[in-house]
Amino acid sequence: MGYQKGMDDLEEYPVGVRIRILAAQVNAAADLTTWCFVSKSKLFYSTSIREKEFLAFFQLGDCTEFMNQKSDGWDRPVILSDSIGLVWLAEHAYENEEAGMLIVIGPMFLSKTSVKHIETALRDKVSSVHAQRQMMRTLANVPVISTASMYQYGKMLHFTLTSRRIQSSDFVYQNDRTKELVREEETEIPLFYHDSDRTAKGEKIMLQAVKDGNLNYKEIMEKEMVFNTEFVCNTGSTLRDGKNSVLIFTALCSRAAVEGGLSVKTAKEIEIRYLAEAEASQTITKLKNVMERMTEEFVRKVRESKENPLISKVTQECCDYIRANVQKPLTVESIAREMGYTTYYFTKKFSKEMGIKVTDYIKQARIEHAKIALLTTKKSIQEISDSLQFGTRNYFCKVFHEIVGMTPASYREKTGKDGEIT
């Protein structure tokens, strides 16, 4: 919708429209979710993908009760918190001079909130160790922001609802505990939002898992209750902090993988690819996904190299090169040249170590890529065939049937009905 005459002021738009625009903005900026309650405490909608879990945290912290204790509602932003350290921003939206909806932004952690504090608070409230771990995994997805950013989002919320500006000193605190939590945050410029000892321990576990090619690293991390997506610095921008953490950790994983036996060439190719992905990420969710995939790939590559000690690093690099370039034209001659060998010597060496011809390995790698494309995209079979350099659709279907045992169309249809085919 373009500019409309007579719609110069934000208040000219329905409050519901303004709230949804704000919800999209705070989610894009810091992965913060927005909640809308009607009739005092009835949830109307939220943008949270973990609505049930975080709604429970909100209610357990007596946040709803506090917001409803004034019959005429609050006409300025309120900072809410609970004993765990979760923080929320809330304000009533007024219609016809009466408090109608309650708008809440959160949860969030302030930068100084430590993992140790969270764990202690959970132990005091929840006796089951399993439940504690479940909650910790849920809380690992809560955005971490600075106090300055929290105030900014509160001012945005107030302006969205009233079209009026407000000062940080005008905010309301739920109680003395909330005020103390914010004041502690303001007295220092934190370098870390978590315990440095815990961070070092988690990093050590992850890097050792990469070096060992230990595929059970996730279970180890959960057992130790260590977050593997914590941010190691605080620049004032949660997204920038996250990128810095992933960039540093990717380089460390690359070095650990080389120490674990992975070739330097393969490790560097993986490192460069994920550095680019991390820098291009626009949300914390995507950034965490990059970090998880990066760790998984390094661990898997090291494991593969350890399980195949008779396969030389040159052949391993060749396999990695083929899988990374399945969408490009590949010939035995070009691959041999890339590896630094003559075509004759390279093909003999590859066939002896892998038990398969280079050309057949290329076909298999392309078919594996095709299977993923069939399951995760809406591309036509012709488009997938073209992207994988098969030349014609008939040839692609012929090779696919030889390797998988069914046509691409049948694979896509059967998988969609019966689940994953192994």
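The paragraphs below set out a description of the structure included in this document. (Residues numbered from 1 in each chain as written. Predicted model: local features only at pLDDT ≥ 70, side-chain atom pairs only at ≥ 80, totals over all residues. Heavy atoms only, no water.)

1. Quick look at the overall build of the protein
Operational definition: In DSSP terms, a helix is any run of H or I states spanning at least four residues, a strand is any run of E spanning at least two, and both are numbered starting from the N terminus. Under the convention used here, a 1.4 Å probe and the Shrake-Rupley method define accessible areas, while residue burial counts only the protein chains that appear.
Counting secondary structure elements, the protein contains 19 helices and seven strands. A total of about 22,200 Å² of accessible surface is found on the protein, and carbon and sulfur atoms cover 51% of it.

2. Let's talk about helix α15 (residues 343-354)
Using the following cut-off: To estimate the expected span of a helix, subtract one from its residue number and multiply by 1.5 Å.
Between its first and last C-alpha atoms α15 spans 16 Å; for 12 residues at 1.5 Å apiece the expected length is 16 Å, and the two agree. Where α15 terminates, the next one or two residues include G355, which has phi positive at roughly 70°.

3. Here's the deal with the nonpolar core
Spelled out, the test is: The set of buried Ala, Val, Leu, Ile, Met, Phe, Trp, Tyr and Cys residues whose side-chain atoms join them within 4.5 Å is what this entry labels a nonpolar core. Exposure is judged per residue with a 1.4 Å probe applied to protein chains only, and the accessible area is read against the type maximum: over 50% gives exposed, under 20% gives buried, and values in between give partly exposed. Contacts were defined at the residue level, with two residues in contact if any of their heavy atoms lie within 4.5 Å.
Residues I322, I335, F346, F350, V358 and F396 are the most contacted members of the largest nonpolar core, which totals 31 residues. Listing elements by their share of this core, those giving two or more residues are α13 (313-324), α14 (332-339), α15, α16 (358-376), α17 (381-387) and α18 (393-404). Sort the elements by how many residues they give to this core and α16 lands first, with eight residues. When near neighbours in sequence (up to four residues on either side) are disregarded, I335 contacts C318, Y321, I322, L330, F346, V358 and I362.

4. Let's talk about the environment of T359
As for its placement among the helices and strands, T359 is situated in helix α16. With a relative accessible area of 39%, T359 lands in the partly exposed category. For the pair T359 and T347, spaced 12 residues apart in sequence, the C-alpha to C-alpha distance is 9.4 Å.

5. With respect to the pairing of strand β3 (residues 78-81)
Note the following rule: We treat two strands as partners when DSSP finds at least two bridges between them.
Here β3 shows a buried face lined by V78 and L80 and a second buried face lined by I79 and S81. Across two bridges, β3 lies against strand β7 (residues 172-173) in parallel orientation. Following the sheet pairing, V78 is matched in β7 by V172.

6. What to know about unusual backbone geometry
Omega for the bond connecting G106 with P107 falls within 30 degrees of zero, at 5°, which places this linkage in the cis form. Non-glycine residue D31 carries a positive phi angle of around 65°. Tracing the backbone through its elements, the reader meets D31 in the loop between α1 (15-30) and β1 (34-38). For D31, a relative accessible area of 18% corresponds to the buried category. Here the phi dihedral of Q389 falls at roughly 65°; this positive angle occurs in a residue that is not glycine. Assignment of secondary structure puts Q389 in the loop between α17 and α18.

7. Considerations on the pattern of salt bridges
Note the cut-off: The working definition used for a salt bridge is a side-chain nitrogen of Lys or Arg within 4 Å of a carboxyl oxygen of Asp or Glu.
On inspection of all chains with the given rule, the structure shows 11 salt bridges. For E271, the salt bridge identified is with K268, shortest N-O distance 3.1 Å. Linking E271 with K268, this pair stays in helix α11 (residues 264-280), spanning three residues, or about one helical turn. E271 gets classed as buried once you look at its relative accessible area, which sits at 9%. The class of K268 is partly exposed, set by a relative accessible area of 42%. One salt bridge connects E368 with K371, and the closest N-O pair in it is separated by 3.5 Å. Separated by three residues within a single helix, E368 and K371 lie in helix α16, roughly one turn from each other. A single salt-bridge network, built from bridges that share partners, covers R300, K301, E304, D320 and R323.

8. Section: α16
For an α-helix, 3.6 residues make a turn, and residues three or four places apart therefore share a direction. The terminal C-alpha atoms of α16, which comprises 19 residues, lie 27 Å apart, in line with the 27 Å expected from a rise of 1.5 Å per residue. Residues of α16 that are buried include every one of V358, Y361, I362, A365, R366, I367, A370, K371, A373 and L374, and no others.

9. Thoughts on the pairing of β1
Of all five residues that make up β1, four are buried, and the element is covered over most of its length. Looking at chain direction, β1 and strand β2 (residues 42-46) are connected through four bridges and run antiparallel. The residue of β2 that forms the bridge with W35 is S46.

10. Re the packing of aromatic side chains
The criterion, for reference: In summary, the pairing rule links any two rings of Phe, Tyr or Trp, Trp by its six-membered ring, whose centres are within 6.5 Å, and it sorts them by plane angle into stacked for under 30 degrees, edge-to-face for over 60 and tilted for everything else. A positively charged side chain is recorded as over a ring if its NZ (Lys) or CZ (Arg) lies within 6 Å of the ring centre. The angle to the ring normal must also be within 35 degrees.
Within this structure, the stated rule accounts for 12 aromatic pairs. Ring centres of F346 and F350 lie 6.1 Å apart, and the angle between their planes is 50°; on these two criteria the pair is classed as tilted. Highlighted residues: F346 and F350, both in helix α15, separated by four residues, approximately one helical turn. Here F346 falls in the buried class, since its relative accessible area comes to 2%. Ring geometry for F400 and Y411: centres 5.7 Å apart, planes at 70°, overall edge-to-face. Placement of F400 in helix α18 and of Y411 in helix α19 (residues 408-418) is noted, with a sequence separation of 11 residues between them. Here F400 falls in the buried class, since its relative accessible area comes to 0%. Feature note: the residues F390, Y395, F396, F400 and Y411 constitute an aromatic cluster, connected by ring pairs. Above the ring of Y45, the side-chain terminus of R20 is found at 4.1 Å from the ring centroid.

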